[in-house]
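Residue-level structural notes
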Amino acid sequence: MRIANSNSRATLILGPSGAERLLDIATASAGRFGPELPSLYQDWAAFTAWASEHRPHTENARTATLDRAVLGAPSPMPRQVFAVGLNYRAHASESGFDAPTDLPPIFTKYVSSFTGPDTEVALPDGGNVDWEIELVVIIGKAGFEIDVSNAWDHVAGLTAGQDISERVSQLRGPAPQFGLGKSFPGFSPQGPWLVTPDEFDNPDDLELGCALDGEELQKGRTGELIFSVPALIAALSRTVTLYPGDVIFTGTPAGVGVGRDPQRFVQPDQRLDSWVEGIGQLHQHFRAATDRK
Ligand code: ZN
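Quick caveat, the model's predicted, so the values are computed rather than measured.

Let's shift gears to the coordination of the zinc ion. Of the protein atoms, only Glu132 (OE), Glu134 (OE) and Asp163 (OD) coordinate the zinc ion, at distances of 1.9 to 2.1 Å. As a motif over one chain, the donors of the zinc ion read E-x1-E-x28-D. Of the two residues, Glu134 sits in strand β11 (residues 133-139) while Asp163 sits in the loop between β12 (155-162) and β13 (165-166), which places them 29 residues apart along the sequence. Residue classification places Glu134 among the buried residues on the basis of a relative accessible area of 0%. On the basis of relative accessibility, which here comes to 0%, the residue Asp163 falls in the buried class.

Following this line, the structure appears as structure tokens:
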């Protein structure tokens, strides 16, 4: 199943890529589920049971065409957002750190930075804005001390995310400011939709990457994650309870701008295209802060 946040309504994506048809979940379920995404995650098991029983399809149903401009983040109001640092060996190395062993660095991205997949992003004045393509996990079942062996049962689905990062404010001061440096407006684009784990041949090994103005800058596979999706869920839930709708940015592969020699950062009017295999693409266009509309 693919589920989008279209105009703040939970929407099933039906049909092949390029010819998607959108089915409003609240309408199709006669008001039982939806209309907004957060309530869907609260009732995820019942929703997936309903969806598999009714097999919603486009025939005899009122469907709409896809308009990417009105897509929002698949989980727009999570109770908690976790982001993971140094979770690929080559990225830890380019960042000048040893690979983590017991637990990778965990921080947050504030929800005010969340957007859908296709956006305009203002570059903060005096900042160095960098790219980080990441696989994003959305939790579908609450849990504490979740075992690795059944961690996938707690996942509603996967989406693509950019952990856009402003390195000056992230690294300034006596200790790093990861949360704020990665949470300027529009710094957490996600989408284009949630894809349930059963849709993948192997949800533990997906290619992901990004390109700036068409030049490929990152390309990796989630099979190279030091802490896999189940390992992250087990590790996080040793400390905190995970709730339906919670969002986990799982870390970025090598190729970020701050790790390059010479360093490179996003310039005004550049376009960042990002993708995760089996999920889809994100498109960001950057402009100078002074061009604010
Ligand atoms: Zn990141």
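On to the pattern of salt bridges, then. Counted by the stated rule, this structure contains 12 salt bridges. Linking Asp24 and Arg9 is a salt bridge whose minimum nitrogen-to-oxygen distance equals 2.7 Å. Pair noted here: Asp24 is in strand β3 (residues 21-24) and Arg9 is in strand β2 (residues 9-14), with a separation of 15 residues, a long-range link. Given the relative accessible area of 18%, Asp24 is considered buried. Here Asp163 ties to Lys182 by a salt bridge, and the two come within 2.8 Å at their closest N and O atoms. Residue Asp163 is located in the loop between β12 and β13, and its partner Lys182 is located in the loop between α6 (178-181) and β14 (188-195); the two are separated by 19 residues in the primary sequence. Take Asp163 and Lys182: they sit in the same class, and that class is buried. Salt bridges here are not isolated pairs; linked through shared partners, they connect Lys109, Asp130, Glu132, Asp163, Arg167 and Lys182.

On average, residues of the chain score 95 in pLDDT, and 98% of them are at 70 or above. Per-element confidence in the chain is highest for strand β17 (residues 247-249), whose mean pLDDT is 99, and lowest for strand β4 (residues 64-65), whose mean pLDDT is 92.

Ranked by internal contacts, the top residues of the largest apolar core, which has 45 residues, are Leu158, Ile233, Ile248, Val276, Ile279 and Phe286. Among residues more than four places away in sequence, those in contact with Ile233 are Ile139, Ile146, Ala151, Val155, Leu242 and Ile248. In this structure, Ala10, Leu14, Leu40 and Phe107 belong to the second largest nonpolar core, which totals 25 residues.

Spatially, β9-β19-β18-β15-β16 is the arrangement adopted by the five strands of the open sheet, whose pairing is mixed. The open sheet has two edge strands with one neighbour each: β9 (118-123) and β16 (215-221). If you compare each strand with its neighbour and ignore which way they point, the axes differ by 20° on average.

Most of β14 sits out of view: eight of its eight residues are buried. Pairing analysis gives two bridges linking strand β1 (residues 2-6) to β14, with the strands arranged antiparallel. Paired with Arg2 across the two strands is Val195, which belongs to β14. Here strand β8 (residues 114-115) runs beside β14; their pairing, made up of two bridges, is parallel. Across the sheet, the residue bridging to Thr115 is Pro189, located in β14. Here three bridges tie β12 to β14, and the two strands are oriented antiparallel to one another. Considered in β14, the bridge of Ala160 is made with Gly191.

Definitions and limits used
- Residues numbered from 1 in each chain as written.
- Predicted model: local features only at pLDDT ≥ 70, side-chain atom pairs only at ≥ 80, totals over all residues.
- Heavy atoms only, no water.
- Donors = N, O, S within 2.8 Å, 3.2 Å for Na, K, Ca; no water.
- Helix = DSSP H or I, 4+ residues; strand = E, 2+ residues; numbered from the N terminus.
- Buried < 20%, exposed > 50% of the residue type's maximum accessible area, 1.4 Å probe, protein only.
- Salt bridge = Lys/Arg side-chain N within 4 Å of Asp/Glu carboxyl O.
- pLDDT = per-residue confidence, 0-100.
- Core = buried A, V, L, I, M, F, W, Y, C linked by side-chain atoms within 4.5 Å.
- Contact = heavy atoms within 4.5 Å.
- Pairing = 2+ DSSP bridges.
- Axes fitted to C-alpha atoms, helices over the stretch in contact; angles between N-to-C directions.

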